[in-house]
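The lines below spell out each chain.
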Amino acid sequence: MKNWPLLLLFFCVSLNAQEINPAYADSIPTVIDSSYREDQFYFGLSFNFITDTPHFMDQNGFSAGLSGGFIRDIPFNKNRNVGIGVGLGLAFDSFGQNLFIGEDENGETIFRNLNSDNIDYNSNRFNTFLVEAPIQFRWRTSTFSSYKFWRIYAGLKLGYIYHFRSVFRQDANIVKQSDVPELERFRLGASFTFGYSTFNFQVYYGLNPFFPNSTVDGEELGVSTLRVGLMFYIL
């Protein structure tokens, strides 16, 4: 091909024309995608701690939680790095402790301190299954072209316990209780998440007790929860 030197020269000139002079790089406007949002699927793992308990109530065994769902992102500003998030998901939490929950022959709920009665047992825990709706104020360093960034999300979680189960186990006896009228099924908690990219640290603190109007041996029962763990966000 006789004209290849001319073609090579033309190609080199074209590449040089596309280079940006560093002196003018700062003057080039940043392109912002006006439709960019941080809509995300989330998955959380947590260690669970009981709080606001009567003096006798102790936690024992392994207590953990799982959560997952989807959050819709609503940016506020032009850079789309500040906004709110509204989501919907499911959560499971388990709590090992020494509060027996059962019922008498009349169907009335029984709350009992297992330690004071010197009862031998293998395990005692209650589990909650919830529908949750997180509402977050969101700040992040993300852009529409970068998925690795710092984030701080803070807000509330509204929840409803659609299934409750207490399980007491002895060698030759198992007591399961799911119908507890004293249980406050509507949940409200404060949440805080911060981290980088996919891996994030999460804290949740329950603002209302599980058993607000119940007593054990004349002492208010109450009982709330603190969750500490990791939250994973997937775009």
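Residues numbered from 1 in each chain as written. Predicted model: local features only at pLDDT ≥ 70, side-chain atom pairs only at ≥ 80, totals over all residues. Heavy atoms only, no water.

1. Topic: the overall build of the protein chain
Point 1. When you go through the protein chain residue by residue, the secondary structure sums to one helix and 13 strands.
Point 2. What you see in the protein chain, going N to C, is helices and strands ordered as α-β-β-β-β-β-β-β-β-β-β-β-β-β.
Point 3. Residue burial in the protein chain is summarised as follows: out of 235 residues, 39% are buried.
Point 4. Accessible surface computed for the protein chain: about 13,600 Å², of which carbon and sulfur atoms make up 61%. (Helix = DSSP H or I, 4+ residues; strand = E, 2+ residues; numbered from the N terminus. Buried < 20%, exposed > 50% of the residue type's maximum accessible area, 1.4 Å probe, protein only. Areas by Shrake-Rupley, 256 points an atom, 1.4 Å probe, with all protein chains shown as cover.)

2. Section: the packing of aromatic side chains
Point 1. For the coordinates displayed, the defined rule picks out 21 aromatic pairs.
Point 2. Relative to phenylalanine 211, the ring of phenylalanine 126 has its centre 6.3 Å away and its plane inclined at 85°; by these criteria the two rings are edge-to-face. Remark: phenylalanine 211 occurs in strand S11 (residues 211-216) and phenylalanine 126 occurs in strand S6 (residues 123-140); sequence separation between them is 85 residues. Of the two residues examined, phenylalanine 126 and phenylalanine 211, each falls in the buried class.
Point 3. Through a chain of ring-to-ring contacts, the aromatic side chains of Phe95, Phe111, Phe126, Phe164, Phe210 and Phe211 assemble into a single cluster.
Point 4. Sitting over the face of the ring of tyrosine 153, arginine 138 holds its NZ or CZ atom 4.0 Å from the ring centroid. (Phe/Tyr/Trp six-rings, centres within 6.5 Å; stacked < 30°, edge-to-face > 60°. Lys NZ or Arg CZ within 6 Å of the ring centre and 35° of its normal.)

3. Quick notes on the environment of asparagine 200
Point 1. Tracing the backbone through its elements, the reader meets asparagine 200 in strand S10 (residues 199-206).
Point 2. Relative accessible area serves as the criterion here: at 1%, asparagine 200 is assigned to the buried category.
Point 3. Separated by 50 residues in sequence, asparagine 200 and tryptophan 150 have C-alpha atoms that sit 9.3 Å apart.
Point 4. Those residues in contact with asparagine 200 that sit more than four places away from it in its chain are Arg151, Thr193, Phe194, Gly195, Gly229, Leu230, Met231 and Tyr233.
Point 5. Of note is the side chain of asparagine 200, whose polar atom sits 3.1 Å from the side chain of arginine 151. (Contact = heavy atoms within 4.5 Å. Polar contact = N/O pair within 3.5 Å; in protein donor to acceptor, adjacent residues only side chain to side chain.)

4. A closer look at the confidence of the model for the protein chain
Point 1. Within the protein chain, residue pLDDT values average 85, and 83% of them lie at 70 or more.
Point 2. Every residue in residues 2-30 is under pLDDT 50, and counting partners more than four places away or in other chains gives three contacts. (pLDDT = per-residue confidence, 0-100.)

5. Let's talk about the pattern of salt bridges
Point 1. For the structure on display, the rule yields seven salt bridges.
Point 2. Put simply, aspartate 93 and arginine 227 hold a salt bridge, and the shortest N to O gap is 3.1 Å. Of this pair, aspartate 93 sits in strand S3 (residues 82-96) while arginine 227 sits in strand S13 (residues 224-234), and the two are 134 residues apart along the sequence. Of the two residues examined, aspartate 93 and arginine 227, each falls in the buried class.
Point 3. One network of salt bridges, with partners in common, ties together Asp93, Glu132, Lys157 and Arg227. (Salt bridge = Lys/Arg side-chain N within 4 Å of Asp/Glu carboxyl O.)

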